[in-house]
Amino acid sequence: MRNGASVTIMPKTMFTKIASLLAAAAVSGCVMASSEPSPLPPLAQDQSQPALALLEHVLTGYFAGAGANGPTACAALAPTALTDAQETALIGRFVRLAPGARCKAQGAGVVDSVTGDPAVLVQVYDFSCANAGLCSGWVSAPGAPATRYALRFEGGEWRFDGDPRIIAQ
């Protein structure tokens, strides 16, 4: 001991209590982190939902290019409209996607029926399947030419081949 200072040794029970508290805090942190919901699996892995897989594929690209302050966006499917369950599946994956009823045609464009601001509609149309593993459809998305997609299910997921077309006016 230097300069006459005394050293106090922490009692063993105090050390044990502190170690227990630290261990409990560490374990609870692990439990809290694992309580977050798991990311949803890509729709491209669901062979029974080729139209949703195509919409997910197109919407991913659209939202990546639209930036954080893009207008309200809705999705549509034709000739068969999206069911509530399908729309919910898409909205669960894209927090910036609004229900289709929110986008209303007005004049030559689309508006958000809640805010009155301009909106965009991402559409898959003329969608059909030749069999359970081969489908096709057209996509209309803002800022992109109409694109015809061929979809094939292989390797456990839908694969997309796009063919952009400039349609004569």
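Residues numbered from 1 in each chain as written. Predicted model: local features only at pLDDT ≥ 70, side-chain atom pairs only at ≥ 80, totals over all residues. Heavy atoms only, no water.

Chemist: What is the right way to look at the state of the cysteines in this model?
Modeler: A covalent bond between the sulfur atoms of two cysteines is what we call a disulfide. Scanning all chains against the criterion turns up 2 disulfides. Across a sulfur-sulfur distance of 2.0 Å, C74 and C103 are joined as a disulfide pair. Between C74 and C103, the S-S dihedral sits near 80°, and the bridge is therefore right-handed. On the criterion of sequence distance, the pair formed by C74 in strand β1 (residues 72-77) and C103 in strand β2 (residues 103-106) is long-range, its members being 29 residues apart. With its sulfur 2.0 Å from that of its partner, C129 forms a disulfide with C135. Where C129 bonds to C135 through sulfur, the torsion about that S-S bond is close to 100°, and the disulfide is right-handed. On the basis of relative accessibility, which here comes to 3%, the residue C135 falls in the buried class. (Disulfide = S-S within 2.5 Å. Helix = DSSP H or I, 4+ residues; strand = E, 2+ residues; numbered from the N terminus. Buried < 20%, exposed > 50% of the residue type's maximum accessible area, 1.4 Å probe, protein only.)

Chemist: Just checking my understanding: could you explain the packing of aromatic side chains for this structure?
Modeler: Pairs of aromatic rings are described using the distance from one ring centre to the other and the angle between the two planes. Under the defined criterion, the tally for this structure stands at 4 aromatic pairs. Measuring from ring centre to ring centre gives 5.3 Å for Y62 and F63, while their planes differ by 65°; the resulting arrangement is edge-to-face. On the basis of relative accessibility, which here comes to 13%, the residue Y62 falls in the buried class. Its relative accessible area of 10% is what places F63 among the buried residues. Ring centres 6.4 Å apart and planes at 15° place the aromatic pair Y125 and W138 in the stacked group. Pair noted here: Y125 is in strand β4 (residues 118-131) and W138 is in strand β5 (residues 134-140), with a separation of 13 residues, a long-range link. Taking the relative accessible area as the measure of exposure, Y125 reaches 22% and is therefore partly exposed. Linked through ring pairs, Y62, F63 and F94 together constitute an aromatic cluster. (Phe/Tyr/Trp six-rings, centres within 6.5 Å; stacked < 30°, edge-to-face > 60°.)

Chemist: It is not clear to me how unusual backbone geometry should be interpreted in this structure. Could you clarify?
Modeler: With the exception of glycine, most residues fall at negative phi, and the peptide bonds are largely trans. Residue P79 is reached from A78 by a cis peptide bond, and omega for that bond is 15°. One non-glycine residue, D126, lies in the positive phi region at around 50°. Among the secondary structure elements, D126 is positioned in strand β4. The exposure class of D126 is exposed, given its relative accessible area of 52%.

Chemist: Just to check I follow, could you spell out the pairing of β2 for this structure?
Modeler: Consecutive side chains along a regular strand alternate between the two faces of the sheet. By the bridge criterion, 4 bridges tie β2 to strand β3 (residues 109-112) in an arrangement that is antiparallel. Looking at β3, one finds that K104 is bridged to V111. Counted between consecutive antiparallel strands, the loop separating β2 from β3 contains 2 residues, among which G107 sits at a positive phi close to 60°. (Pairing = 2+ DSSP bridges.)

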